[in-house]
Amino acid sequence: MRWQDNNRALANDSNDWNWHREIKEISLGRSVDLSFGGEIREQFRYYSHLNFGDVPAGANDEDIYLQHRFLLHSDILFGKFCRIFLQVNSCHANGRNSDLHQVDRDDLGLMQAFADLNMGTNLKIQFRLGRQEFSYGMERILALRDGPTIRQNFDGVRVSFSYNRLNIDVLAAKPVLYKTGVFDNKWRRKDYFLGSYITTSVLDKNTVDLYYFNASFNNAVFA
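Residues numbered from 1 in each chain as written. Predicted model: local features only at pLDDT ≥ 70, side-chain atom pairs only at ≥ 80, totals over all residues. Heavy atoms only, no water.

Draft legend 1. Main features of the packing of aromatic side chains. One pass over the structure, following the stated rule, counts 10 aromatic pairs. When the ring of F154 is compared with that of F193, the centres are 5.3 Å apart and the planes differ by 80 degrees; the resulting orientation is edge-to-face. Taken together, the positions of F154 in strand β7 (residues 154-163) and F193 in strand β10 (residues 192-202) put the pair 39 residues apart, joining distant regions of the chain. Residue F154 shares its accessibility class with F193, and that shared class is buried. When the ring of Y197 is compared with that of Y211, the centres are 5.5 Å apart and the planes differ by 5 degrees; the resulting orientation is stacked. Residue Y197 is found in strand β10, and its partner Y211 is found in strand β11 (residues 206-216); the two are separated by 14 residues along the sequence. By the ring-pair criterion, three or more aromatic residues cluster together here, those being F134, Y136, F154, F193, Y197, Y211 and F213. Sitting over the face of the ring of W3, R128 holds its NZ or CZ atom 4.1 Å from the ring centroid. The ring of F114 carries the charged tip of R128 above its face, separated from the ring centre by 4.0 Å. (Phe/Tyr/Trp six-rings, centres within 6.5 Å; stacked < 30°, edge-to-face > 60°. Helix = DSSP H or I, 4+ residues; strand = E, 2+ residues; numbered from the N terminus. Buried < 20%, exposed > 50% of the residue type's maximum accessible area, 1.4 Å probe, protein only. Lys NZ or Arg CZ within 6 Å of the ring centre and 35° of its normal.)

Draft legend 2. Representation of the pattern of salt bridges. Taken as a whole, this structure holds 11 salt bridges when the rule is applied. A salt bridge links E39 to R2; the nearest nitrogen and oxygen atoms lie 2.8 Å apart. Separated by 37 residues along the polypeptide, E39 in strand β2 (residues 32-48) and R2 in the segment before α1 (7-12) bring together distant segments of the chain. Between R128 and D116 there is a salt bridge, with its nearest N and O atoms 2.7 Å apart. Note that R128 is positioned in strand β6 (residues 124-132) and D116 in strand β5 (residues 106-119), a separation of 12 residues in sequence. Using a relative accessible area of 1% as the deciding quantity, one classes R128 as buried. (Salt bridge = Lys/Arg side-chain N within 4 Å of Asp/Glu carboxyl O.)

Draft legend 3. Broad picture of the pairing of strand β8 (residues 166-177). Two elements, β7 and β8, share 10 bridges in a ladder whose sense is antiparallel. Paired with V159 across the bridge in β8 is V170. The antiparallel hairpin formed by β7 and β8 contains 2 residues in its connecting segment, where N164 sits at a positive phi of about 55 degrees. Here 8 bridges tie β8 to β10, and the two strands are oriented antiparallel to one another. Bridge pairing in β10 links A173 to F193. Relative to strand β9 (residues 186-187), β8 runs antiparallel, the two sharing 2 bridges. The partner of V176 across the bridge, within β9, is W187. (Pairing = 2+ DSSP bridges.)

Draft legend 4. Quick look at a nonpolar patch on the surface. Together, F44, Y46, I64 and L66 line one region of the surface with nonpolar side chains, adding up to about 420 Å² of accessible area. When residues of the nonpolar patch are traced back to their parent elements, those giving at least two are β2 and β3 (62-78). Relative to the elements of secondary structure, F44 occurs in strand β2. (Patch = residues over 30% accessible without salt bridge, like charges linked within 9 Å, V, L, I, M, F, W, Y side chains within 5 Å. Areas by Shrake-Rupley, 256 points an atom, 1.4 Å probe, with all protein chains shown as cover.)

Encoded structure:
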């Protein structure tokens, strides 16, 4: 997840200074720093016996196509206490024989747009509000969904508490509904989830995860 990038470590490394270093940790004065970045992912996909051969009579059950994902982001830090993160995406699938899925195309969308407020010293508290990504544990319940062209994001709030080896996240969010146009995505009104995720270290090298999720997802369609 791009918001986890440590741009400060990159800026402090004096062994190498190329063009991409100049767009990290740009000082705007008074402890305000600005960074830019992005990524491109290209995937080639081939399916034989699509949907296990469950296609209309006479239809081709093979599919060969390309998936494209383009992401750009900016990160603004106001000292250690406040942060604004923005990320846009442009995702496409070309050459597909079967119908495009809802997670295959988004001409231009807002992938992430959130603000962080950090407080505390011994007990660290962070409030995050806005559009964001979630990834917990082995990603069997709440994940990035990185396989399809468009990753999963949510509109909501997350409150994080950190004290010594104990980390607690409390979440309330609604999943985003994707459309193919320009900045036309919105949250799914009837769907939501609430939850908490707790991690703590035990005997130095071991970690225990405790979690609770309360989710409501309507009108799920499966093949």
